[in-house]
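# Coordinate inspection notes
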Amino acid sequence: MTERITTLDLRTIPVFERHPRIFDTWDAIAPEETLQIINDHDPKPLHYQFEGEYKDSYSWQYVTKGPADWVVNITKLKKAEASEEDIKKRVLEALDTIRPYLQADGGDVELVELDNVEKIVRVRLTGACGSCPSSQMTLKAGVERKIQEFAPEIKRVESV
């Protein structure tokens, strides 16, 4: 397999656009591909940001360490496939964190099904949430967002 490298020369990008461009490019590359950045200074703050947001899912390697140019290869690591049991556990944890807010409004949420092949979670909004006109917003902006925070491999959440 040939290594695929996407290069971003940050020296040519306005300062306020650099981090958004880096993370947009990072999101677009596939596992085992490399994002190479070229900068005019040590991108150590970026390294701290990667450590906070992508811990254990990237490798960071300096190619050149100044004084004029700093070149870093950031490789996206291939993730091990999570078991259905692990995903279900994280989905239930996510529901447990959002449940008190739903219950405060007289509603609740229950897990109906986890489709591990399609990566879809099906839930049932109950009580006041089941008949609320804002239930779709609650489902997408609340329940789905929280589930994807805990289990990023989930593609979507559906109400049944």
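Once a new chain begins, its residue numbering starts again from 1 and follows that chain's sequence as written. With the structure being a predicted model, the display of local features is reserved for residues of pLDDT at least 70 and the display and counting of side-chain atom pairs for 80 or more, all residues being used for whole-chain, interface and lining totals. Excluding hydrogens and water, the side-chain values take into account all heavy atoms of the structure.

Before going further, it helps to spend a moment on the pairing of strand β3 (residues 58-65). Here, a strand pair is defined by DSSP locating no fewer than two bridges between the strands. Strands are runs of DSSP state E lasting at least 2 residues, helices are runs of H or I lasting at least 4, and numbering of each runs from the N terminus. Sheet topology places β3 next to strand β4 (residues 70-76); seven bridges connect them, and they run antiparallel. Opposite Tyr-62, over in β4, you have Val-72 as the bridge partner. Hairpin connection, β3 to β4: the antiparallel pair is bridged by four residues, and Gly-66 has positive phi, about 60 degrees.

What follows deals with the sheet that holds strand β1 (residues 5-9). Pairing in this open sheet of four strands is mixed, and the strands run β1-β2-β4-β3 from one edge to the other. Of all the strands in the sheet, just β1 and β3 have a single pairing partner and so form its edges. Within the sheet, the average angular offset between the axes of one strand and its neighbour, ignoring direction, is 20 degrees. As paired elements, strand β2 (residues 34-39) and β4 share six bridges and run antiparallel to each other. Paired with Leu-35 across the two strands is Ile-74, which belongs to β4. Contacts are assigned to residue pairs with any non-hydrogen atoms lying within 4.5 Å of each other. Here the axes come from fitting lines to C-alpha atoms, over the contacting stretch only for helices, and the angles between their N-to-C directions go from 0 to 180 degrees. Lying on the sheet, helix α2 (residues 44-54) is in contact with β2, β3 and β4; it crosses β3 at an angle near 170 degrees.

What follows concerns the pattern of salt bridges. Throughout this description, the term salt bridge denotes a Lys or Arg side-chain nitrogen within 4 Å of a carboxyl oxygen of Asp or Glu. In this structure the tally under the stated criterion is 16 salt bridges. Its salt-bridge partner being Arg-90, residue Glu-153 comes within 2.4 Å of it at the nearest N-O pair. Linking Glu-153 in the loop between α5 (135-150) and β7 (156-159) with Arg-90 in helix α3 (residues 84-104), this pair joins segments that are 63 residues apart in sequence. Think of it in three bands: with a 1.4 Å probe and only protein chains considered, a residue is buried below 20% of the maximum accessible area for its type, exposed above 50%, and partly exposed in between. With a relative accessible area of 24%, Glu-153 lands in the partly exposed category. When its relative accessible area of 17% is taken as the criterion, Arg-90 is described as buried. With a closest N to O distance of 2.9 Å, Arg-156 and Glu-158 form a salt bridge. Its relative accessible area of 37% is what places Arg-156 among the partly exposed residues. A residue is classified by how much of its surface remains accessible, and Glu-158, at 23% relative accessible area, is partly exposed. Three or more residues are tied together by salt bridges with common partners; here these are Glu-113, Arg-122, Arg-156 and Glu-158.

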